[in-house]
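Each chain, letter by letter, is given below.
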2 protein chains.
Amino acid sequence: MAKVRLFIDHPLAAGQPVPLAAAQAHYLSGVMRMRQGDEIAVFNGHDGEWAARIVQAGKRGGELLALDQTAPQRNPPDLWLLFAPIKKARTDFIVEKAAEMGVSRILPVQTDFTNSERIRQDRLQAHAVEAAEQCGGTFVPTVDDLAPLARLLDGWDASRRILWADEAAAGPFDSMAGLPQGPWAVLIGPEGGFSQAERDRLRACPYVNSISLGPRILRADTAAVAALTLWQASLGDWKA
Amino acid sequence: MAKVRLFIDHPLAAGQPVPLAAAQAHYLSGVMRMRQGDEIAVFNGHDGEWAARIVQAGKRGGELLALDQTAPQRNPPDLWLLFAPIKKARTDFIVEKAAEMGVSRILPVQTDFTNSERIRQDRLQAHAVEAAEQCGGTFVPTVDDLAPLARLLDGWDASRRILWADEAAAGPFDSMAGLPQGPWAVLIGPEGGFSQAERDRLRACPYVNSISLGPRILRADTAAVAALTLWQASLGDWKA
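Sequence order as written defines the numbering, with residues in each chain counted from 1. Here every chain gets a letter starting at A, and every ligand a number starting at 1, in the order they are written. Local features are withheld for residues below a pLDDT of 70 in this predicted model, meaning they are given only at 70 or higher, and side-chain atom pairs are given and counted only at 80 or more; totals for whole chains, interfaces and linings count all residues. By convention in this description, side-chain values take in all heavy atoms of the structure and omit both hydrogens and water.

1. A short note on the sheet that holds strand β5 (residues 61–71) of chain B
Residue and element names in this part refer to chain B. Pairing is mixed across the open sheet formed by five strands, whose spatial order is β1-β3-β4-β5-β2. Looking at the sheet topology across the chains shown, the edges are occupied by β1 (5–7) and β2 (17–20). Each strand of the sheet is rotated relative to its neighbour by a mean of 40°, with strand direction disregarded. A pair of strands counts as paired when DSSP detects no fewer than two bridges linking them. Helix and strand assignments follow DSSP, with helices taken as H or I runs no shorter than four residues and strands as E runs no shorter than two, numbered in order from the N terminus. Across five bridges, strand β3 (residues 39–43) lies against strand β4 (residues 49–58) in antiparallel orientation. When the sheet's bridge partners are listed, Phe43 is paired in β4 with Glu49. The sheet contacts of helix α1 (residues 22–31) involve β1, β2, β3, β4 and β5, and relative to β4 the element is tilted by about 90°. For helices, the fitted axis covers only the stretch in contact; all axes are lines through C-alpha atoms, and the angles between them, taken along N-to-C directions, range from 0 to 180 degrees. Residues are treated as being in contact if the distance between any of their heavy atoms lies within 4.5 Å.

Right, dumping it as structure tokens:
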């Protein structure tokens, strides 16, 4: 059975008591049927993974005792994902996949063809936490609130390059070879694609590189995993 | 609005009448509110994409008239996906993703750590059809029935290489560079990984190449898209 891993928003050190929120205490005692003295793994996003013993866990909360560090902190590369939120289930999936794939920050963007007026940032952040718990990570990417793509580009720091998965790019796959190291963001469009005005603006940005993801039209969640794979395999921590 | 595309199991040629099953006729008239004279796109998996006019569509069925070919037939590379079925929703996703990514045949396999005793092959095949309809493809991958991995390997044609996404592979990402062209299969393990016996057998196969997919543990559906991306970008039709 897979090890139980919990994200804890609390400092971790040997002998450190760690309070448990009611939902986490219920998960351990009610769902996983764990009891006092059982051990789990915890992480807080910056102190690595720790073994912790259940001191008490019930309906109203509980407490852990941190024992010792079992894995060092491992942060993902300086890679952001910009994507246009779509249907709820697909949006959840994109956040989950981004966390698994090793993205440091997730930025939902409004585009000309995006329907969403708002997102549930708290729910998406919780999905990122859950994905980190399940994929064995010690880092949780930040999920930003929804912002217009045009405004993000207005204030963009040109030292961060954008890898644009351009679903309308004709012709062959553009190789990742030769792209520079450094901070990057992957940009995935909405299901209906980008508007002509958006396309013109992206094409004119000197810090934007476009790639084609093959001859078939990929759904946004598939395109996100595919583009992040290409980046991680050639510029990211899959090579490390 | 996206073009309506339907897979039709019927020959397609100019002036060819095409009978509609009740479910498809209902989809066009009841769900999409289309009427006699409206045009849709159809494909049958081997004759490319055709424009077709609705002659009649109602509750009990209907008929189209094929007009002319709007896109040539495009088949994916000779690439199979072998994966161990997991929870229902994730299994559906893997089939959907495989169709989008351009796989020609999908083989669900039983492994030592697979729980599934059986799958709903018909339901998975329907998911592959739906994915082809949505991703603009003209090809539908075949979904095999569940078969034990060991038996598949017993009868394996060694001219088809296997790219094994080995979640326990230590060390750096192994580059795709230098792998030969030809028929391939991508193999994705179950969430619990492969057994030691399976690992030993795969390692001993001369036609198996393993790759690591980075330092985080990927869910099976994420791993499938990631491995297929690497294959398509270096050996498949993304370069064409």
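2. Here we look at the relation of the copies chain B and chain A
Structural alignment of chain B on chain A gives an RMSD of 0.0 Å, achieved by rotating through 180° and translating 0.0 Å along the axis. The transformation just described matches what one would write down for a two-fold rotation axis. When C-alpha positions in chain B are compared against the rotation axis, the closest is assigned to Ala226 of chain B, at 3.0 Å. A shared binding surface is used by both copies, with 100% of the interface residues of chain B retained as interface residues in chain A. Overlaid copies result from least-squares superposition on C-alpha atoms, with residues included only where pLDDT is at least 70 in both.

3. Here's the deal with the domain arrangement of chain A
Residues and elements named next belong to chain A. Note that the domain bounds reflect an automated or database-derived domain assignment. Partitioning chain A into domains gives domain 1 (5–71) and domain 2 (79–234). Computed over C-alpha atoms, the centres of domain 1 and domain 2 are 33 Å apart. Each side of the interface is counted separately: domain 1 has eight residues, and domain 2 has eight residues. Take the accessible area each of two parts loses on contact, using a 1.4 Å probe, and add the two losses: that sum is the buried area. For the domain 1 and domain 2 pair, buried surface summed over both sides reaches about 620 Å², with 61% attributable to carbon and sulfur atoms. What makes a salt bridge here is a side-chain nitrogen of Lys or Arg within 4 Å of a carboxyl oxygen of Asp or Glu, nothing more. Here domain 1 and domain 2 share zero salt bridges between them. By the criterion applied in these results, polar contacts are pairs of N or O atoms within 3.5 Å in which, for protein atoms, one can donate a hydrogen and the other can accept it, and in which residues neighboring in sequence qualify only through two side-chain atoms. Our enumeration of links across domain 1 and domain 2 arrives at five residue pairs in polar contact (both at pLDDT 80 or more). Ranked by residues supplied to the side of domain 1 that touches domain 2, first place goes to strand β1 (residues 5–7) with three residues. Tallied by class, residues from the side of domain 1 that touches domain 2 come to three nonpolar, three polar and two charged. Ten residues, namely Ala, Val, Leu, Ile, Met, Phe, Trp, Tyr, Cys and Pro, are considered nonpolar, four, namely Asp, Glu, Lys and Arg, are considered charged, and the remaining ones, Gly among them, are considered polar.

4. Examining empty space enclosed by the protein
Cavity means a closed set of points on a 1 Å grid over the protein atoms alone, one where a 1.4 Å probe fits but cannot get out, pocket means an open set with protein on both sides within 12 Å along at least 5 of 7 lines, and lining means a residue has an atom within 4 Å of a point. Grid points are joined across faces, edges and corners, and a volume is the space filled by probe spheres set on the points. Applying the stated criterion to the full structure yields two cavities of 30 Å³ or more. By volume, the largest cavity is sized at about 50 Å³. If you trace the largest cavity, you find it lined by Lys97, Asp221, Thr222 and Val225 of chain A together with Phe93, Lys97, Asp221, Thr222 and Val225 of chain B. Secondary structure elements with two or more residues in the lining of the largest cavity: α6 (220–234) of chain A together with α2 (88–101) and α6 (220–234) of chain B. Tallied by class, residues from the lining of the largest cavity come to three nonpolar, two polar and four charged. Empty space within the second largest cavity amounts to approximately 40 Å³. Lining the second largest cavity are Ile86, Lys87, Arg90, Glu191 and Arg219 of chain A.

5. Concerning the pairing of strand β11 (residues 184–188) of chain B
Residues and elements named next belong to chain B. Within β11, five of the five residues are buried, which leaves it mostly tucked inside the rest of the structure. Along β11, one buried face is formed by Trp184, Val186 and Ile188 and the opposite face, lined by Ala185 and Leu187, is buried too. Both strand β6 (residues 79–83) and β11 contribute to a ladder of five bridges, which runs parallel. Each residue of the ladder has a partner; that of Trp80, found in β11, is Ala185. Examined bridge by bridge, strand β10 (residues 161–165) and β11 share five bridges and lie parallel to one another. The residue of β11 that forms the bridge with Ile162 is Ala185. The buried label goes to any residue with under 20% of its type's maximum accessible area, the exposed label to any with over 50%, and the partly exposed label to all in between, with areas taken from a 1.4 Å probe on protein chains only.

6. Concerning the interface of chain B and chain A
At the junction of the two partners, chain B supplies 35 residues and chain A supplies 35 residues. Here chain B packs against chain A, burying approximately 3,000 Å² in sum over the two surfaces, 57% of which is carbon and sulfur. Among the residues of chain B in contact with chain A, Arg216, Arg219 and Trp238 of chain B are the three that bury the most area, contributing 25% of the side total. Applying the counting rule to chain B against chain A returns ten salt bridges. For Glu96 of chain B, the salt bridge goes to Arg90 of chain A, with nearest N and O atoms at 2.8 Å. Applying the counting criterion to the chain B and chain A interface returns 22 residue pairs in polar contact (both at pLDDT 80 or more). Counting residues per element, the ones that place at least two in the side of chain B that touches chain A are α2, α3 (121–135) and α6 of chain B. Of the residues forming the side of chain B that touches chain A, the biggest block, eight residues, is contributed by α6 of chain B. Tallied by class, residues from the side of chain B that touches chain A come to 18 nonpolar, seven polar and ten charged.

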